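# Residue-level structural notes
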Amino acid sequence: DAGVTQSPTHLIKTRGQQVTLRCSPKSGHDTVSWYQQALGQGPQFIFQYYEEEERQRGNFPDRFSGHQFPNYSSELNVNALLLGDSALYLCASSFGTGRIGELFFGEGSRLTVL
Amino acid sequence: AQTVTQSQPEMSVQEAETVTLSCTYDTSESDYYLFWYKQPPSRQMILVIRQEAYKQQNATENRFSVNFQKAAKSFSLKISDSQLGDAAMYFCAYRRGDPNFGNEKLTFGTGTRLTIIP
């Protein structure tokens, strides 16, 4: 049973560029959440997708956008990259009516902005 | 807004000994959930233990147990018989108890790095 998979694992971009990160949820899960984890910090909630719609959003600018596909996989897009966007981006999946808080996390995509 | 505070950036413990990691939180809500997650060098966050605020009994999971003090808004994690595999970052997290779908956001603390000394 595959867990949450994310790609790419590492990437380097320059300021002003755009990036797309991808996530495949754990088998049987239909909900995907994205978190940003800056170095030395705890993860910060970006947004959550269910039924291809953004259901909840954290305190992140519109440069951060996402998408969920019919197969429940998801993408996180960040436009006009800033140095401060350098972080580990974690994807977490869950089943809509499953145990509260039982999120399954991927290993993350490490983004470096130069 | 809810906040989660972990005041111990780093902790170390001798193998086979017991260690306690501290966490405090601030909320005006009465219904909520608290969690401890472990993040090893592989970066994958793994759920260690969870506590429902309405339950007075402290949660336990094998060698892991919590001391939940609701009035003091304190939620500490005790690891007994520490093992080398316990070495990781440990994050305390909070979630509202609102059962409505779409409110599953977790608020994390800044983490405690636990080192196990052989």
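Residues numbered from 1 in each chain as written. Chains lettered and ligands numbered in written order. Predicted model: local features only at pLDDT ≥ 70, side-chain atom pairs only at ≥ 80, totals over all residues. Heavy atoms only, no water.

### With respect to the side chain of Arg63(A)
With respect to the helices and strands, Arg63(A) occurs in the loop between β6 (53-57) and β7 (64-68). Residues contacting Arg63(A), with those up to four places away along its chain left out, are Asn77(A), Val78(A), Asn79(A), Ala80(A), Leu81(A), Leu82(A) and Asp85(A). (Helix = DSSP H or I, 4+ residues; strand = E, 2+ residues; numbered from the N terminus. Contact = heavy atoms within 4.5 Å.)

### A short note on the sheet that holds β7(A)
Residue and element names in this part refer to chain A. If you trace the 4 strands from one edge of the open sheet to the other, you get β1-β3-β8-β7, paired in antiparallel fashion. A single partner strand is all that each edge strand has here, and the edge strands are β1 (5-7) and β7. Adjacent strand axes in the sheet meet at a mean angle of 20 degrees, parallel and antiparallel pairs treated alike. The pairing of β7 with strand β8 (residues 74-78) spans 5 bridges and is classified as antiparallel. (Pairing = 2+ DSSP bridges. Axes fitted to C-alpha atoms, helices over the stretch in contact; angles between N-to-C directions.)

### Observations regarding the packing of aromatic side chains
All names here are of chain A. Under the criterion given, the structure shown has 15 aromatic pairs over all chains. Judged by centre distance (5.9 Å) and plane angle (50 degrees), the ring pair of Tyr-35 and Phe-105 falls under tilted. Linking Tyr-35 in strand β4 (residues 31-37) with Phe-105 in strand β10 (residues 104-105), this pair joins segments that are 70 residues apart in sequence. Side by side, Tyr-35 and Phe-105 carry an identical accessibility label, which is buried. (Phe/Tyr/Trp six-rings, centres within 6.5 Å; stacked < 30°, edge-to-face > 60°. Buried < 20%, exposed > 50% of the residue type's maximum accessible area, 1.4 Å probe, protein only.)

### Here's the deal with the state of the cysteines
All names here are of chain A. The full count for this structure, using the stated rule, is 2 disulfides over all chains. One disulfide bridge connects Cys-23 with Cys-91, the sulfur atoms lying 1.8 Å from each other. The sign of the -60 degrees torsion about the S-S bond sets the Cys-23-Cys-91 disulfide as left-handed. Remark: Cys-91 occurs in strand β9 (residues 87-94) and Cys-23 occurs in strand β3 (residues 19-24); sequence separation between them is 68 residues. (Disulfide = S-S within 2.5 Å.)

### Things to note about the nonpolar core
Most often, soluble globular proteins keep nonpolar side chains buried together rather than apart. Grouped together as the largest cluster of nonpolar side chains are 25 residues, with contacts concentrated most on Tyr25(B), Trp36(B), Phe75(B), Leu77(B) and Tyr90(B). Elements that contribute at least two residues to this core include exactly β3 (19-21), β5 (32-39), β6 (46-52), β8 (64-69), β9 (74-79), β10 (88-96) and β12 (112-117) of chain B. Of all the elements, β10(B) adds the most residues to this core, at 4 residues. Those residues in contact with Leu77(B) that sit more than four places away from it in its chain are Val19(B), Thr20(B), Leu21(B), Trp36(B), Ile49(B), Phe64(B), Ser65(B), Val66(B) and Tyr90(B). Judged by nonpolar contacts, the second largest core, of 20 residues, contains Tyr49(A), Phe60(A), Leu76(A) and Ala87(A). (Core = buried A, V, L, I, M, F, W, Y, C linked by side-chain atoms within 4.5 Å.)

### Overview of the pattern of salt bridges
Residue and element names in this part refer to chain B. The full count for this structure, using the stated rule, is 9 salt bridges over all chains. Measuring nitrogen to oxygen at the nearest pair gives 3.1 Å for the salt bridge that ties Arg-96 to Glu-29. Note that Arg-96 is positioned in strand β10 and Glu-29 in the loop between β4 (24-26) and β5, a separation of 67 residues in sequence. Residue Glu-29 is classed as partly exposed on the basis of its relative accessible area of 24%. (Salt bridge = Lys/Arg side-chain N within 4 Å of Asp/Glu carboxyl O.)

### Focus: the pairing of β5(B)
A regular strand carries its side chains on alternate faces of the sheet. Residue and element names in this part refer to chain B. Among the 8 residues of β5, 8 are classified as buried, and the element is accordingly described as predominantly covered. Every second residue of β5 is oriented toward a common face, with Tyr-32, Leu-34, Trp-36 and Lys-38 on one face and Tyr-33, Phe-35, Tyr-37 and Gln-39 on the other, all of them buried. Judged from the 8 bridges that link them, β5 and β10 form a sheet pairing that is antiparallel. Paired with Leu-34 across the bridge in β10 is Tyr-94. Pairing of β5 with β6, which is carried by 6 bridges, proceeds in the antiparallel orientation. For Phe-35, the partnering residue across the bridge sits in β6 and is Arg-50.

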